[in-house]
Amino acid sequence: MRRFAAEVAATLPEAGLDVAGYVDALVERFGNPAIGHRLRQIGSDGSLKIPERWFPALRALRAGGFATPVLELALAAWVNATRPGGSQVFGTDDPAAEALARCWRGAAEPAVVARLLTAIGAADLAEDAGLVSAVADHLPALRAGRIEL
């Protein structure tokens with residue numbers, strides 16, 4: 001969470017937000033076992049959440065020449081969850097599940113990443129070969145249950 005916040009902080013509006021304090025509060029909240037949000041709920045509906053929550057920052061950072069390793073890893077985790085059998089493994093739901101599953105048919109992983117990005121409205125990001133490659137490079141470790149940043 002802290003690395004994510006550090007990565008996207010440059011894209012936040014200049015509104016006097018105490019980013020460090022906000023992140024501390026989030027980390028504390030996520031550690032609270034009484035919170036009713038389950039990971040399954042948080043991880044569901046990625047095709048709707050990701051374009052709204054991650055793509056503006058990803059576009060701005062990449063346009064500015066900034067590295068985006070945390071966003072790339074997060075996007076790879078979503079890609080991994082869309083793979084055939086992924087939603088059953090992770091217990092997530094997505095209204096675009098059928099369309100996302102079709103993206104995997106007959107393609108190598110870099111092409112799958114590009115297809116998935118296009119399917120959720122980010123054809124511009126799908127054309128960013130560096131991004132597509134970086135996301136695809138994370139997939140073997142994620143399939144093996146490892147998170148490597």
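Owing to the predicted nature of the structure, the values given are computational and were not obtained by experimental measurement. (Residues numbered from 1 in each chain as written. Predicted model: local features only at pLDDT ≥ 70, side-chain atom pairs only at ≥ 80, totals over all residues. Heavy atoms only, no water.)

Caption draft 1: Looking closely at the confidence of the model for the protein chain. Per-chain confidence: the protein chain averages 90 in pLDDT, with 96% of residues scoring 70 or above. At the low end of the mean pLDDT range in the protein chain sits helix α7 (residues 86-90), at 62; at the high end sits helix α10 (residues 123-126), at 98. (pLDDT = per-residue confidence, 0-100. Helix = DSSP H or I, 4+ residues; strand = E, 2+ residues; numbered from the N terminus.)

Caption draft 2: View of the pattern of salt bridges. Counted by the stated rule, this structure contains 6 salt bridges. The salt bridge partner of Arg146 is Glu148, with a shortest N-O separation of 2.7 Å. For Arg146, a relative accessible area of 43% puts it in the partly exposed group. Ionic contacts of the salt-bridge type, sharing partners, join the residues Arg62, Glu72 and Asp128 into one network. (Salt bridge = Lys/Arg side-chain N within 4 Å of Asp/Glu carboxyl O. Buried < 20%, exposed > 50% of the residue type's maximum accessible area, 1.4 Å probe, protein only.)

Caption draft 3: Expanded view of helix α11 (residues 129-143). With 15 residues, α11 extends 22 Å from end C-alpha to end C-alpha; this agrees with the ideal 21 Å at 1.5 Å per step. For α11, every residue scored as buried is listed here: Leu131, Val132, Ala134, Val135, Ala136, His138, Leu139, Ala141 and Leu142. Residues of α11 that are buried make contact with α5 (55-63), α6 (69-82), α9 (109-119) and α10. You can read the cap of α11 off the contacts: a side-chain oxygen lies 3.2 Å from the backbone nitrogen of Gly130, and it is on Asp128. After α11 finishes, the residue Gly145 shows a positive phi value of roughly 85°. (Expected span 1.5 Å × (residues − 1). Contact = heavy atoms within 4.5 Å. Polar contact = N/O pair within 3.5 Å; in protein donor to acceptor, adjacent residues only side chain to side chain.)

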